[in-house]
Amino acid sequence: MRVWATTALVFVFGISALAETTIAKPADSKDTASKDTASHTPAMTESAGPQHPVTAAQVREILTITNSTDVKRQMMENLLPLMQQMMPYMPDNVVADFQHSLELADFDAVLLHTFQARLSEQDAAEIIAFYQSPAGKHMLALMPQIQNDWQEAGEDLGQKVMLDVLARHQTEVDAAKKKYEQEHAGGSPQS
């Protein structure tokens, strides 16, 4: 899960930094109302994506630069233990079939389609250029620590919020706990 979060943060930070350094070009037509001057991205329709979508080679390069190349393995490492935790009764042969089926699934095609629905070749070229710049390399080097610090701070804040809410509703929580314990006394729930 950390890899997914790191990848998302890298893209957000990278695209944000890229957007800040991109200079908008003035419109070369008198009819500026019909032109999209707020974005350097080629025209994009809501359902079709960019006219010139990111190429497979660009996707591979972005994933390599951001150390996100083994998406399927990472997903399996996270998904299989979660599935076994949620369903500990699952027969071993079903788990093995699930793992084998995941290994055969074409995640690369799904990943490519996902990128192509949102990024153009131009976007990808600029993102790659940013990641290869000193600032992009610096950001990538810092991202693991930023992500770790953010996760720890988020967990701390979440715990504080939870404790504050519980303190505000202590009477309700105590009453609900007492009722639950009465209903579930003896280990079997009553209907």
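In this report, the structure presented in the accompanying data block is examined.

Rules of the game
Residues numbered from 1 in each chain as written. Predicted model: local features only at pLDDT ≥ 70, side-chain atom pairs only at ≥ 80, totals over all residues. Heavy atoms only, no water. Core = buried A, V, L, I, M, F, W, Y, C linked by side-chain atoms within 4.5 Å. Buried < 20%, exposed > 50% of the residue type's maximum accessible area, 1.4 Å probe, protein only. Helix = DSSP H or I, 4+ residues; strand = E, 2+ residues; numbered from the N terminus. Contact = heavy atoms within 4.5 Å. Axes fitted to C-alpha atoms, helices over the stretch in contact; angles between N-to-C directions. Parallel < 35°, antiparallel > 145°, perpendicular 65-115°, else oblique. Left-handed = near helix turned anticlockwise from the far one by under 90°. Nonpolar A, V, L, I, M, F, W, Y, C, P; charged D, E, K, R; others polar.

So, the nonpolar core
Here comes step 1: In this structure, Val-54, Ile-62, Phe-115, Tyr-131 and Met-139 are the most contacted members of the largest nonpolar core, which totals 17 residues.
Here comes step 2: Secondary-structure elements contributing two or more residues to this core are α2 (56-65), α5 (107-116), α6 (121-132) and α7 (134-168).
Here comes step 3: Here the element with the most residues in this core is α6; it accounts for 5 residues.
Here comes step 4: Not counting chain neighbours up to four residues away, the residues in contact with Val-54 comprise Val-59, Phe-115, Gln-116, Leu-119, Ser-120, Glu-121 and Ala-124.
Here comes step 5: Listed in part, the 6 residues of the second largest apolar core include Leu-80, Met-83, Val-95 and Leu-102.

Focus: the packing of α2 against α6
Here comes step 1: Put simply, α2 and α6 touch, their axes get as near as 10 Å, and they point 25 degrees apart. When the interaxial angle is binned, α2 and α6 end up roughly parallel. Crossing handedness for the pair α2 and α6: left-handed. Along the contact surface, α2 presents Gln-58, Glu-61, Ile-62 and Ile-65, while α6 presents Glu-121, Ala-124, Ala-125, Ile-127, Ile-128, Tyr-131 and Gln-132.
Here comes step 2: Of the residues belonging to the contact of α2 with α6, the class tally is 7 nonpolar, 2 polar and 2 charged.

Purely geometric numbers; function is a separate question.
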